Amino acid sequence: MKKVVKFGGSSLASAEQFKKVGDIIRKDPSRRYVVPSAPGKRFSDDTKVTDMLYSCYAAAVKEKKFTELLDKIKERYQEIIDGLGLDFSLDEDFDIIRVNFSKKIGRDYAASRGEYLNGKVMAAYLGFEFVDAAEVIRFNDDGTFNDVLTNELLSARLADMENAVIPGFYGAKEDGTVVTFSRGGSDVSGSLVALAVNADLYENWTDVSGFLIADPRIVKKPKSIETITYKELRELSYMGASVLHEDAIFPVRKAGIPINIKNTNAPQDKGTLIVEGTCRQSKYTITGIAGTDGFVAITIEKAMMNSEIGFCRKVLQVFEENNVSIEHMPSGIDTMTIFVHKDVFEEKEQKILAEIHKAVNPDHIELESDLALIAIVGRGMKSTRGTAGRIFSALAHAHINVKMIDQGSSELNIIVGVRHDDFKNAIRALYEIFVVTQI
């Protein structure tokens, strides 16, 4: 059996956490390829190493003294090295970083050093080979990710390696210029490595025991999800569930490689298994509830809209030309409502409204801001009657007015729109009816 294991920043924040990780890897010889993140917070008021690097590089760009900030980062790593009792030095690496910061080599380069240095420490601690991600994860000249070349390079490099450490979060262009994924991108790196070595399982280790049915900051001690499909995960991740980077599922999904979300601090917990498909029935009708706020609804009214050919296309074209992405578009006979992110729309609000008037000459346009969208997701909904009715019942009982409801043809999810002030209470009400009482 062959496993790829990725460890998040909280799992590698200190020497004590490193030792936990070492025990986990050594306990199972099939855990052969390790993808580390940069050290995270050791305590609540601590600063992540990636954020320290951003601050340090910002000082270098402004030509302020940055060596003191860099020395503090070096101290973080030295503390880990000393705590592990390693005869290992990063002095040469920090000398190179200092020179490159002086040359203002790039913000992505600066951010990537957290994973790079942690990868070197991890390789020394485990006795594994170190592979610089800049050599095997390739980005195009325009900064877009090249998945085909990456898979070729990674597969060839790791083919004869029994064990290896490959830092997460970054890669490079052909000329060596370092490029990073978005924050949390080490999840993607782990997925790419799993695909390249044709792993049997991709274990993603973090500080929670898998996915929870609802946000624990909103619902007290929510139940965990034992098994979830890629499609369900995609829906929940997009709507705010943040245990795993939403792009991390695509590489492994191609090869049907399962992902297991595990807890470094509780390795005995089963965690959540993410799969392409499963015949396992979910314990509840739903798999999870996730939501996010900060939306605006633009409702456009015009008599006989339904008979005006091209009406919707003309309206959507206005948003496209203004580079505003549309989230949802419920409609009636003489109305259509468009949900967009408020922070993006606000900047171009009056321009978009003027262009809509010009394009379709509506009778009336109404704006409603401070809205939230909540996704109720579950493969079990397809075979369960009355799910939408239960949603309305739960929200009505909690005195919450539903502004929008949208169900996809796959019957995998139902999305409801509510006012921002009702957002948390709505999630609690939905969790109560689907999980606690299971009415």
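Let me begin by describing the structure that accompanies this report. (Residues numbered from 1 in each chain as written. Predicted model: local features only at pLDDT ≥ 70, side-chain atom pairs only at ≥ 80, totals over all residues. Heavy atoms only, no water.)

Regarding the overall build of the protein chain
And then number 1: Regarding its fold elements, the protein chain presents 14 helices and 16 strands.
And then number 2: Principal-axis analysis of the C-alpha atoms gives the protein chain an extent of 75 × 50 × 40 Å.
And then number 3: The proportion of buried residues among the 439 residues of the protein chain is 51%.
And then number 4: Nonlocal contacts in the protein chain, meaning residues at least 24 apart in sequence, comprise 74% of its contacts between residues at least 6 apart.
And then number 5: By element, 47% of the accessible surface of the protein chain is carried by carbon and sulfur atoms, the whole surface being about 20500 Å².
And then number 6: In the protein chain, which carries 55 positive and 63 negative side-chain charges, the distance between the mean positions of the two groups comes to 4 Å. (Helix = DSSP H or I, 4+ residues; strand = E, 2+ residues; numbered from the N terminus. Buried < 20%, exposed > 50% of the residue type's maximum accessible area, 1.4 Å probe, protein only. Contact = heavy atoms within 4.5 Å. Areas by Shrake-Rupley, 256 points an atom, 1.4 Å probe, with all protein chains shown as cover. Lys, Arg positive; Asp, Glu negative; His and termini not counted. Charge placed at Lys NZ, Arg CZ, Asp CG, Glu CD.)

Brief notes about the packing of aromatic side chains
And then number 1: Summed over the entire model, instances satisfying the criterion amount to ten aromatic pairs.
And then number 2: For the pair Phe139 and Phe181, a centre-to-centre distance of 5.2 Å together with 55° between the ring planes defines the contact as tilted. Placement of Phe139 in the loop between α6 (133–136) and α7 (147–158) and of Phe181 in the loop between β6 (178–180) and α8 (186–196) is noted, with a sequence separation of 42 residues between them. No difference in accessibility class separates Phe139 from Phe181, as the two residues are buried.
And then number 3: Aromatic rings pair up to connect Tyr57, Phe66, Phe101 and Tyr109 into one cluster.
And then number 4: One cation-aromatic arrangement involves Arg26 over Tyr125; the distance from NZ or CZ to the ring centre is 4.6 Å.
And then number 5: Arg113 extends its terminal NZ or CZ atom over the ring of Tyr170, reaching a point 5.4 Å from the ring centre. (Phe/Tyr/Trp six-rings, centres within 6.5 Å; stacked < 30°, edge-to-face > 60°. Lys NZ or Arg CZ within 6 Å of the ring centre and 35° of its normal.)

Structural notes on unusual backbone geometry
And then number 1: Phi at Lys104 takes a positive value of approximately 55°, unusual for a residue other than glycine.
And then number 2: One can find Lys104 in the loop between α4 (91–102) and α5 (107–126).
And then number 3: Given a relative accessible area of 33%, Lys104 falls into the partly exposed group.
And then number 4: At Lys221, a position not held by glycine, the phi torsion is positive, near 45°.

Brief notes about the environment of Met1
And then number 1: With respect to the helices and strands, Met1 occurs in the segment before β1 (3–7).
And then number 2: Separated by 27 residues in sequence, Met1 and Asp28 have C-alpha atoms that sit 10.0 Å apart.
And then number 3: What Met1 contacts, discounting residues up to four positions off in sequence, is Ser30, Asp200 and Leu201.

What to know about the environment of Ile433
And then number 1: Relative to the helices and strands, Ile433 resides in helix α14 (residues 423–436).
And then number 2: Take Ile433: its relative accessible area is 9%, and that puts it in the buried class.

Here we look at the pattern of salt bridges
And then number 1: Within the structure shown, the criterion is met by 27 salt bridges.
And then number 2: With a closest N to O distance of 2.7 Å, Arg42 and Asp46 form a salt bridge.
And then number 3: Overall, the relative accessible area of 9% leaves Asp46 in the buried class.
And then number 4: Close ionic contact of Arg183 with Asp51 constitutes a salt bridge, the shortest N to O distance being 3.1 Å. Residue Arg183 is found in the loop between β6 and α8, and its partner Asp51 is found in helix α2 (residues 49–61); the two are separated by 132 residues along the sequence.
And then number 5: Ionic contacts of the salt-bridge type, sharing partners, join the residues Lys3, Asp28, Arg31 and Glu203 into one network. (Salt bridge = Lys/Arg side-chain N within 4 Å of Asp/Glu carboxyl O.)

Side note on the pairing of strand β9 (residues 259–263)
And then number 1: Of all five residues making up β9, five are buried, and the element is well covered by its neighbours.
And then number 2: In β9, alternate side chains face the same way, and those of Ile259, Ile261 and Asn263 on one face and Asn260 and Lys262 on the other are all buried.
And then number 3: The pairing of strand β7 (residues 201–206) with β9 spans five bridges and is parallel. Counterpart to Asn204 in the pairing with β9 is Ile261. (Pairing = 2+ DSSP bridges.)

Comments concerning the side chain of Thr337
And then number 1: Tracing the backbone shows Thr337 in strand β13 (residues 335–341).
And then number 2: Within the structure, the side chain of Thr337 is placed 3.0 Å from the side chain of Thr299, a separation counted as a polar contact. (Polar contact = N/O pair within 3.5 Å; in protein donor to acceptor, adjacent residues only side chain to side chain.)

What to know about the sheet that holds strand β3 (residues 129–130)
Through backbone hydrogen bonds, the strands of a sheet pair up, either in parallel or in antiparallel fashion.
And then number 1: Spatially, the eight strands line up as an open sheet ordered β3-β4-β2-β1-β7-β9-β10-β8, and their pairing is mixed. The sheet terminates laterally at β3 and β8 (227–229), the two strands that pair on one side only.
And then number 2: The pairing of β1 with β7 spans five bridges and is parallel. Bridging from a neighbouring strand, Phe7 pairs with Trp205 of β7.
And then number 3: Lying on the sheet, helix α9 (residues 230–238) is in contact with β8, β9 and β10 (272–275); it crosses β8 at an angle near 85°. (Axes fitted to C-alpha atoms, helices over the stretch in contact; angles between N-to-C directions.)

Concerning the sheet that holds strand β16 (residues 413–419)
And then number 1: Pairing in this open sheet of six strands is antiparallel, and the strands run β12-β13-β11-β14-β16-β15 from one edge to the other. Single-partner strands in this sheet number two, and they are β12 (326–328) and β15 (404–407). Across this sheet, the average inter-strand angle for adjacent strands is 40°, counted without regard to direction.
And then number 2: When β15 meets β16, the two strands line up antiparallel, connected through four bridges. Within β16, the residue paired with Gln407 across the bridge is Ile414.
And then number 3: Where helix α11 (residues 311–321) meets the sheet, its contacts fall on β11 (288–301), β12 and β13, and the angle it forms with β13 comes to roughly 20°.
And then number 4: Across the face of the sheet, helix α13 (residues 387–397) comes into contact with β14 (364–377), β15 and β16 while running at roughly 20° to β16.

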